[in-house]
Amino acid sequence: MQSFDGQPTSAGSVSESASRRHERVVERLLRLQRITAALAGARTLTEIASTIIDQGMPALDAEVGVVAILSADGASLRNLGFKGVPVDTEEAWAEVPVDSPVPVAEAARTGAPIIVPTREERNARYPVLARVHGVEHGGAVAAFPLVLESRTVGSLGFCFPAARAFDDDDYAFVLSIAQQCALAVERVRWHEVAEQEIAHRRASEEALRVRERELTALVAELRQTQEALREADRRKDDFLAMLAHELRNPLAPLLNAVELIKAAGPPTPIVERARTIMDRQIGHMSRLVDDLLDISRISRGKITLSIERVDLVELARATALDYRSLLDARGVRFELALPPAPVWLQADPTRLAQAIGNLLQNANKFTDDGGSVRLSIAPSHPARGVVSVEVADTGIGMEPAVLERIFEPFAQADQSLARSRGGLGLGLALVKGVVELHGGSVRAASAGLGRGAAITITLPLGAAAPRAADARRAAASASASARRILIIEDNVDAADSLRMLLERRGHAVSVAHSGDDGVAAARMAPPDVILCDIGLPGAMNGYGVARLLRAESAMRKTLLVALTGYGQDDDRKLARAAGFDAHLTKPVAQAMLERLLAELAPLPESA
């Protein structure tokens, strides 16, 4: 028998070579099994590297072994195990850039195996290895990438003591352990990520539990604080009410004594002067006590309104007459600008006169001698259902910060040490309370210090029911089912006729003739019921009105009824989608409308 090069060979030598190859294959298969079993139990990357190196080096007769993994950004390699070299080499090469001129870096960088069979080739290709302590005298080197699903995660490498040729069995063995190593590295990495995630979640859950306990304690503390504030507020109101009551008791005999002095006969100049001073100061004290008592009653919802039909123009004229002498005495010019025709309201004339009087008193207080005060009533706006009363002066004015809190109880515009303007800071707070009980609003404006101020009251026209909880006597004369109703209808005749019918039933009715005016009237005095036409002039039809008002918290309890000539099923669906509670087709029988109001509309608080 001849060999491939033509030299004779014996059958025995071929048999021995085959036997040795068989033994090596069996031995490597056993090592692969041991590697598989060991990797299955590995819990760290270091354990994986040790298993691969410990089993790979003897199987390949290598003197140095290394396993390295890529960093997260792929820029460097970290050696997990580096065996067969001195400690100083292991420490120096613990981490290297991926572009380093060494086999394991090139294999990781290119994703291809590197096999260099001789020392000469190795030193020519990787000169740095000739200077590495522990491998400088070695021969062949081999490095394989750790590849997982076309993704390189690291590399492993072996150095041999002399020149060495890699055959197919060597290549297959190293490729197998490289694949197992890549799978094990990925498994451990996912396990580490999962453990980190679990630890993070546990820490987050514990932090949430701690935060929840803190929030629970904070909520409990806030509730205690709120309860303490409510109790303090209640005690303050009780104290103010008691104080006003106790202060009023001695005022009555004092005022009687002044009247007795007046009736005693012609006084001397000194007595007359003393009586005048006493009369003026008792009046001032009475107003302070009244304000103190009234603001306490308003804050506690204990004000009772006596509602009746009132001509606002006549009421303003009479109130102005009461205060004209006070202004004239100081040389303050007083101008009255009232409309020629009556402006009718449903209001408590005493309380309304008190509110306007407080505005005049306030203007007198803060206007220097020689200034001017103007009381005016703006032309009424039936379409919007409101009227405005304004008291403007040329006094000391207000800063923006004062404007924001001027209607709060005890707020003071005069903050000087002398407090020459006087007062408790209750007058405007009382005005606000009285006006809001009538369903109106109040605002203040000023161009700044020294440039005067203007206070404007806005009141609803028509029937305005009192909103105080104990105003039952004012509602007793109305129907037990009386409601505050707003009609939004552009047909004047239809609106007026419906208004008259509803008023005869005891309802308080206001009218608007467009969508914009209807929305403004509803915001000014939220009604119990809105009867709204769909086909309205302008940009906002009835559906737009419903959608806009339904979005406002003040209208959540208001009954919205579509009153329209469109009566198809699609029209009803559109009305429901827009926010209407009911859909009525014109003409509507009064009995049907009353039944709808009785069944769906909420009773007002005063009923």
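Structure's up top.
Residues numbered from 1 in each chain as written. Predicted model: local features only at pLDDT ≥ 70, side-chain atom pairs only at ≥ 80, totals over all residues. Heavy atoms only, no water.

### Considerations on the overall build of the chain
Looking only at helices and strands, the chain features 17 helices and 18 strands. Considering only contacts in the chain between residues 6 or more positions apart, those separated by 24 or more positions represent 66%. Just so you have it, the chain exposes about 32,300 Å², and 56% of that area is on carbon and sulfur atoms. (Helix = DSSP H or I, 4+ residues; strand = E, 2+ residues; numbered from the N terminus. Contact = heavy atoms within 4.5 Å. Areas by Shrake-Rupley, 256 points an atom, 1.4 Å probe, with all protein chains shown as cover.)

### Some remarks on the nonpolar core
Ranked by internal contacts, the top residues of the largest apolar core, which has 41 residues, are L312 and L375. Only α8 (312–328), β9 (344–347), α9 (349–365), β10 (372–377), β11 (386–393), α11 (427–437) and β13 (453–460) provide two or more residues apiece to this core. Ranked by the residues each element gives to this core, the list is headed by α8, at seven residues. The residues contacting L375, other than those within four sequence positions of it, are A316, A320, F334, E335, L336, A337, I356, L360, V389, E390 and V391. Among the nonpolar cores identified, the runner-up in size contains 34 residues, and L45, A49, L146 and A184 belong to it. (Core = buried A, V, L, I, M, F, W, Y, C linked by side-chain atoms within 4.5 Å. Buried < 20%, exposed > 50% of the residue type's maximum accessible area, 1.4 Å probe, protein only.)

### Thoughts on the packing of aromatic side chains
For the coordinates displayed, the defined rule picks out two aromatic pairs. Both rings, one in F160 and one in F166, keep their centres 5.8 Å apart while their planes meet at 75 degrees; by these two values the pair is edge-to-face. Accessibility classification places F160 together with F166 in one group, the buried group. (Phe/Tyr/Trp six-rings, centres within 6.5 Å; stacked < 30°, edge-to-face > 60°.)

### Quick look at the sheet that holds strand β12 (residues 441–445)
Across the sheet, five strands lie side by side as β8-β10-β11-β13-β12; this open sheet has mixed pairing. The strands lining the two open edges of the sheet, one partner per strand, are β8 (333–337) and β12. Direction aside, the axes of adjacent strands within the sheet are offset by 10 degrees on average. Relative to β13, β11 is paired through eight bridges, and the arrangement is antiparallel. Across the sheet, the residue bridging to V391 is I455, located in β13. Relative to β11, α9 is tilted by about 25 degrees, and along the sheet it contacts β8, β10, β11 and β13. Across the sheet, α11 is in contact with β12 and β13; its angle to β13 comes to roughly 20 degrees. (Pairing = 2+ DSSP bridges. Axes fitted to C-alpha atoms, helices over the stretch in contact; angles between N-to-C directions.)

### Regarding helix α2 (residues 45–60)
With 16 residues, α2 should cover 22 Å at 1.5 Å per step; its first-to-last C-alpha distance of 22 Å lies within 8% of that length. Along α2, the residues classified as buried are L45, I48, A49, T51, I52, I53, Q55, G56, M57, A59 and L60. (Expected span 1.5 Å × (residues − 1).)

### Concerning the environment of P117
Assignment of secondary structure puts P117 in the loop between β4 (114–116) and α5 (119–125). Residue P117 is classed as partly exposed on the basis of its relative accessible area of 26%. Considering only alpha carbons, one finds P117 and A165, 48 residues apart in sequence, at a separation of 5.5 Å. The residues contacting P117, other than those within four sequence positions of it, are A140, A163 and R164.

### Focus on the packing of α9 against α11
How two helices pack is summed up by the angle between their axes together with the distance between the axes. Viewed as axis vectors pointing N to C, α9 and α11 meet at an angle of 150 degrees, and their least axial separation amounts to 9 Å. Our classification of the angle between α9 and α11 gives roughly antiparallel. Where α9 crosses over α11, the handedness of that crossing is left-handed. Two secondary-structure elements touch here, α9 through R351, L352, Q354, A355, N358, L359 and N362 and α11 through G427, L428, L430, V431 and V434. Across the contact of α9 with α11, the residue classes break down as seven nonpolar, four polar and one charged. (Parallel < 35°, antiparallel > 145°, perpendicular 65-115°, else oblique. Left-handed = near helix turned anticlockwise from the far one by under 90°. Nonpolar A, V, L, I, M, F, W, Y, C, P; charged D, E, K, R; others polar.)

### A few points about the sheet that holds strand β16 (residues 529–532)
Sheet strands pair by backbone hydrogen bonding; their relative direction is either parallel or antiparallel. With parallel pairing, the five strands of this open sheet are ordered in space as β15-β14-β16-β17-β18. Whereas interior strands pair on both sides, the edge strands pair on one side only; in this sheet they are β15 (508–512) and β18 (582–585). Each strand of the sheet is rotated relative to its neighbour by a mean of 20 degrees, with strand direction disregarded. Pairing geometry for β16 and strand β17 (residues 559–564), over four bridges, is parallel. Among the inter-strand pairings, V529 is bridged to a residue of β17, identified as L559. Of the strands in this sheet, β14 (484–488), β16 and β17 are in contact with helix α15 (residues 542–550), which crosses β16 at around 160 degrees.

### What about the side chain of S76?
Examined against the element boundaries, S76 turns out to sit in strand β2 (residues 76–83). Polar contacts involving the side chain of S76 include one to the side chain of E95, which spans 2.9 Å. (Polar contact = N/O pair within 3.5 Å; in protein donor to acceptor, adjacent residues only side chain to side chain.)

### Observations regarding a nonpolar patch on the surface
A grouping of I115, Y171 and L175 is seen on the molecular surface, where their side chains present a nonpolar patch of about 220 Å² in accessible area. Along the polypeptide, I115 turns up in strand β4. On the basis of relative accessibility, which here comes to 32%, the residue I115 falls in the partly exposed class. (Patch = residues over 30% accessible without salt bridge, like charges linked within 9 Å, V, L, I, M, F, W, Y side chains within 5 Å. Salt bridge = Lys/Arg side-chain N within 4 Å of Asp/Glu carboxyl O.)

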